[in-house]
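Listed below, chain by chain, are the residues.
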Amino acid sequence: MKKVDVLMSVYNPDMNYLKEQLISLNNQTYENMEILIFDDCITNRCVQLIFEECLTKKKYRILPYQEENLGYVKAFENLVNQANGTYIAFCDQDDIWDTEKIRKCVECLEKDKTVLVATDRKLIDENSNVYCESVRHSSKTIGEKWNTKEDIGVRNFFQACAPGMCLVMRTDFAKSAIPFSKYTGHDKWLLACANVGGGVSFLDEPLSWYRRYGKNVSGVLVGIESRRDYEKQRVIPHLKLIREFDRRHPGYPKIGLAYRIAYARKCHKVLELIKYRKYIPTIYKFEVVIAVLPQWGTKLIIKILHRMK
């Protein structure tokens, strides 16, 4: 049985949520696994007793503290560097895993001969109540509708085709993708690299339960107050990501399309945004609107959208 390293980065976690996650790891049916834990909060370290109490059936290893906060991308990069198993799985501090997750993901990777697998996910609230049984089957966006070995490269540049807590992959592949790009999350970067470096599988089972609640709900307009903010934080980083990917993985046949979409967004080309809407389904309507509005109008729309959340 090949070893799987579960990589968990924690940062000032809610201890009740962390306990639920750890118990779900402890109850995994896959036996040959080790949990690597890295605490990235330098001001309020997590009490280590919780790991001893909850991980009674699984090996675990707590990585040395760092003197400075690494941030979540570099924290997971640090964990990848320390992994020594055949496979790795990314783990957040407040979700819950199906007990069969690791076993089924390893079987999928070995059957499909791919380097990375993403699973479907359920959504749970702050009380661990499931309010969505399947993101894939309830979503109307094309970003959730892809299949094993499909080329997801272009759409993934603009919105990750799966979150990190749904990913399991070969360790040697993940290490080959280091350093992770500074222009996006580790999950989007690894999906992009796997798309051209061995293939991506999709396992159509909700094996991860993603917790969404007040403090962790993210969105495209978080931290955005104006069109300038939006371009700086949401548009330019995508263009820089594509440039870095092109430099490190030259020859991707659809890189030209990715550049055209990125420049259409940067230059507010309304007709092209509409033309390429299937690659940016969750953002093109907003970007078409702000492309034709004056700055004050854009600020007003953003303010209204913030109040609606």
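Refer to the preceding data block for the structure.
Predicted model only: the values in this text are computed from it and were never measured. (Residues numbered from 1 in each chain as written. Predicted model: local features only at pLDDT ≥ 70, side-chain atom pairs only at ≥ 80, totals over all residues. Heavy atoms only, no water.)

Draft legend 1. Quick peek at the packing of helix H8 (residues 186-196) against helix H9 (residues 227-248). Look at H8 against H9: their axes get within 12 Å of each other, and the N-to-C directions meet at 35°. The chirality of how H8 crosses H9 is right-handed. Taking contact as the criterion, the partners of Lys188, Trp189, Ala192, Cys193 and Val196 in H8 are, on H9, His238, Leu241, Glu244, Phe245 and Arg248. For the contact of H8 with H9, the per-class residue count stands at 6 nonpolar, 1 polar and 3 charged. (Axes fitted to C-alpha atoms, helices over the stretch in contact; angles between N-to-C directions. Helix = DSSP H or I, 4+ residues; strand = E, 2+ residues; numbered from the N terminus. Left-handed = near helix turned anticlockwise from the far one by under 90°. Contact = heavy atoms within 4.5 Å. Nonpolar A, V, L, I, M, F, W, Y, C, P; charged D, E, K, R; others polar.)

Draft legend 2. Geometry of unusual backbone geometry. Between Ile178 and Pro179 the backbone carries a cis peptide bond, its omega angle lying at 0°. Along the chain, the position of Pro179 falls in the loop between helix H7 (171-176) and H8. Positive phi outside glycine occurs at Asn12, with the angle close to 45°. Structurally, Asn12 is set in the loop between strand E1 (4-10) and helix H1 (15-26). Assessed through its relative accessible area of 43%, Asn12 is described here as partly exposed. (Buried < 20%, exposed > 50% of the residue type's maximum accessible area, 1.4 Å probe, protein only.)

Draft legend 3. Structural view of the packing of aromatic side chains. Overall, the coordinates contain 7 aromatic pairs when judged by the stated rule. Ring geometry for Phe157 and Phe245: centres 5.2 Å apart, planes at 70°, overall edge-to-face. Residue Phe157 is found in helix H6 (residues 153-158), and its partner Phe245 is found in helix H9; the two are separated by 88 residues along the sequence. Comparing Phe157 with Phe245 shows no difference in burial state: the two are buried. (Phe/Tyr/Trp six-rings, centres within 6.5 Å; stacked < 30°, edge-to-face > 60°.)

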